[in-house]
Amino acid sequence: MIQQDVAVPCVVPTNCQKCLKTGKLCLHPGSEKIAVVTKEGRFDLSYPEFKCSECEGVMKAAENDLISSGWWPGSPKNMSYLFSADLLIMWNHLVHKTPGTSERKFIETLCEISKRSGWSGTIRRQTFAISNKYYQYMEYLVEVEAKLRELFTCKACGRRPLAMHIDGIMKLYRWLSSKGVDYSQLLNNIVIVSDAVFQEHKEKINQIKPKLRKVSKDTCGGASYKAGKSDSVNGRTGLAETGIVFCTCRHGYLLRGVDMEKGETYHHVHYLNDYAVRSGCVFLCYDVVCQYWTFAEDLSQANNEFKPHTEIMKPFLSRWHGETYAWYCQILYSGYWMKGAGLTTGETTEQSNSKMARYGSSTKHMSRANRRDHLSQAMIYYNTEKEERMPKLLPKMLASLNAALIRCTQKIEEIIRLGPPNPESLARSKKLKDYFIQVKLMAIIQN
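Figured I'd write up the structure that's included with this text. (Residues numbered from 1 in each chain as written. Predicted model: local features only at pLDDT ≥ 70, side-chain atom pairs only at ≥ 80, totals over all residues. Heavy atoms only, no water.)

**So, the overall build of the protein chain**
Then, number 1: Summing up its helical and strand segments, the protein chain has 14 helices and 14 strands in all.
Then, number 2: Across the 447 residues of the protein chain, 47% fall into the buried class.
Then, number 3: Accessible surface, the protein chain: about 24300 Å² in total, of which carbon and sulfur atoms supply 54%. (Helix = DSSP H or I, 4+ residues; strand = E, 2+ residues; numbered from the N terminus. Buried < 20%, exposed > 50% of the residue type's maximum accessible area, 1.4 Å probe, protein only. Areas by Shrake-Rupley, 256 points an atom, 1.4 Å probe, with all protein chains shown as cover.)

**Structural notes on the sheet that holds strand β1 (residues 25-38)**
Then, number 1: Spatial strand order, β3-β2-β1-β5-β4: 5 strands in an open sheet with mixed pairing. At either end of the open sheet lies a strand with only one pairing partner, and these are β3 (58-60) and β4 (71-75). Neighbour to neighbour, the strand axes of the sheet diverge by 45 degrees on average, direction disregarded.
Then, number 2: As paired elements, β1 and strand β5 (residues 78-84) share 3 bridges and run parallel to each other. Looking at the pairing, A35 lines up with Y81 of β5.
Then, number 3: The sheet strands contacting helix α2 (residues 85-97) are β1, β4 and β5, and the helix crosses β5 at an angle near 65 degrees.
Then, number 4: Against the sheet, helix α4 (residues 125-146) makes contact with β4 and β5, and its axis sits at roughly 125 degrees relative to β4, the strand it touches most. (Pairing = 2+ DSSP bridges. Axes fitted to C-alpha atoms, helices over the stretch in contact; angles between N-to-C directions. Contact = heavy atoms within 4.5 Å.)

**A look at the layout of surface pockets**
Then, number 1: Approximately 740 Å³ is the volume attributed to the largest pocket.
Then, number 2: As for the largest pocket, its lining consists of 30 residues, of which E103, A129, M366, N370 and H374 are closest to the centre.
Then, number 3: In terms of residue class, the lining of the largest pocket is built from 10 nonpolar, 15 polar and 5 charged. (1 Å grid on protein atoms, 1.4 Å probe; cavity = no way out; pocket = protein on both sides within 12 Å on 5 of 7 lines; lining within 4 Å. Points joined across faces, edges and corners; volume = space filled by probe spheres on them. Nonpolar A, V, L, I, M, F, W, Y, C, P; charged D, E, K, R; others polar.)

**Here we look at the sheet that holds strand β14 (residues 314-317)**
Then, number 1: Pairing in this open sheet of 5 strands is mixed, and the strands run β12-β11-β6-β13-β14 from one edge to the other. Edge positions in the open sheet fall to β12 (254-260) and β14, since each of these has one partner strand only. Across the sheet, the mean angle from the axis of one strand to that of its neighbour is 25 degrees, orientation sign disregarded.
Then, number 2: Pairing geometry for strand β13 (residues 283-286) and β14, over 4 bridges, is parallel. Bridge pairing links F283 to K314 in β14.
Then, number 3: Contacts from helix α6 (residues 266-278) reach β6 (163-169), β11 (243-249), β12 and β13, with the element oriented near 150 degrees to β12.

**Comments concerning the packing of aromatic side chains**
Then, number 1: All told, the structure shown has 16 aromatic pairs when counted by the stated rule.
Then, number 2: Between F198 and Y271, the ring centres sit 6.2 Å apart and the planes meet at 80 degrees, which makes this aromatic pair edge-to-face. With F198 in helix α5 (residues 195-208) and Y271 in helix α6, this pair connects stretches of sequence that are 73 residues apart. Judged on exposure class, the residue F198 and its partner Y271 are both buried.
Then, number 3: Counting every residue linked through ring pairs, the aromatic cluster contains Y81, F83, W91, F106 and F128. (Phe/Tyr/Trp six-rings, centres within 6.5 Å; stacked < 30°, edge-to-face > 60°.)

**Some remarks on the pattern of salt bridges**
Then, number 1: Counted under the stated rule, the structure contains 22 salt bridges.
Then, number 2: K133 is the partner of D373 in a salt bridge, and the nearest nitrogen-oxygen pair spans 2.7 Å. You can see D373 sitting in helix α13 (residues 368-417) and its partner K133 sitting in helix α4, a full 240 residues away along the chain. Comparing D373 with K133, the two get one shared label, buried.
Then, number 3: Ionic pairing is found between R278 and D274, a salt bridge with its closest N-O pair at 2.8 Å. You can see R278 and its partner D274 sitting in helix α6, 4 residues apart, about one turn around the helix.
Then, number 4: You can call D274 buried: its relative accessible area is 10%.
Then, number 5: One connected set of salt bridges, linked through shared partners, spans R174, D195, E241, D259, R368, R371 and R372. (Salt bridge = Lys/Arg side-chain N within 4 Å of Asp/Glu carboxyl O.)

**Quick look at the nonpolar core**
Then, number 1: Counting residues in hydrophobic clusters, the biggest one holds 41 residues, and the most contacted among them are I166, Y286 and Y292.
Then, number 2: Elements with a minimum of two residues in this core: β6, α5, β11, β12, α6, β13, α7 (289-302) and α10 (327-333).
Then, number 3: Apart from residues lying up to four places away in sequence, Y292 is in contact with Y266, V269, H270, N273, L284 and Y286.
Then, number 4: If you look at the next biggest cluster of nonpolar residues, it comprises 20 residues, including Y140, L151, L187 and Y382. (Core = buried A, V, L, I, M, F, W, Y, C linked by side-chain atoms within 4.5 Å.)

**Some remarks on helix α3 (residues 103-116)**
Then, number 1: Given a rise of 1.5 Å per residue, 14 residues ought to cover 20 Å, and the 20 Å separating the end C-alpha atoms of α3 matches this to within 8%.
Then, number 2: Residues of α3 that are buried: E103, F106, I107, L110, C111 and S114. All buried residues of α3 fall inside an arc of 140 degrees around its axis, so they share one side. Summarising the geometry of α3, the exposed residues directed more than 90 degrees from the buried face are K115 and R116.
Then, number 3: The elements touched by buried residues of α3 are β1, β2 (41-52), α2 and α4.
Then, number 4: Between a side-chain oxygen at the N-terminus of α3 and the backbone nitrogen of R104 the separation is 3.3 Å; the capping residue is S102.
Then, number 5: In the stretch just after α3, G118 is the one whose phi turns positive, near 90 degrees. (Expected span 1.5 Å × (residues − 1). Arc of directions from axis to C-beta. Polar contact = N/O pair within 3.5 Å; in protein donor to acceptor, adjacent residues only side chain to side chain.)

Structure (structure tokens):
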């Protein structure tokens, strides 16, 4: 068997640092060994050095040389491992295309590939996790600071979305006993609100509406939803976080998230209502908006800071959830009657939650910082996919709107063809108008 030292493939600098001659450097294997991990498994190679043919000087490859050559260090302080950028990119797509994929099993797969090729089958999962964490953070900085992308602003809505839909998801919980690879959070509160900021907002609410000892779910007609409560006293045993409350625009773009310690309450909704007001939003879509709006109006009357929440914004009962509600709430809050709402359904977060729920099988075992970073990256990936599909989505939405416009136009033309109303029809329309006013008054009283 012939063994030969092989240097890590690396881009050779143009000039020698010692003699400053151009084109005299060549790649040379150094004495140090380093583990290199690619999609083909692990390879034990020599750390690259550059030898000058003119002055015979030897330079060790710097971190910048390795990174520019497509290698990413296992840790900012440890160069014992190098991971190929192609591997990290593949893992990023895999973990977000198939949420819940086990990182442990992915590393075990790479180890088996290495063994099959006759190489060392040991790859440290913790080192891979750290390397991937910082690589994804670098990708985020490139998108935000170099490309100047606004990752949580829908291009179709702009900075002033017409409507926001709020909904919680209980499947993104985290076990209190979870340790994980605990490192500092890199994506600090870029989309998932910090606990300190939310608690400050919650304290303002508690000064007006003190915490209750016993909480029951609000009902509307025959409907009862877990989200319909002003406070949550007892959380699920053994959980550090019980889920997240998300809000989306009418195109399904994820905008913000708030962690739940015990359960979804009106406090979480009110915080996102505050975010919606500051964003210039018009309609607040929520599954139990009829009960929440009473809660929000009480806060607005007691604190001038909260007045815009109910004076500027309009309550919008999600259309499909609204079908299960009492008739008077459907009349007062249903999106069918809202001027300027168009074909807004108020159900878009249900679609994003169906995707985000699949991350729960892996995030429930993560540390707090890693879970928040991972879910933030998941929201960025989801929005990127949504943005790529937007050129196909918007024409479909426009076609639906045109079809609805044609139906309404035909109804108006049919009324015009009937000719001017006779005294009997005028009397009937007056009675109908009076009846509508009476029904609306009854709805306000019942509500």
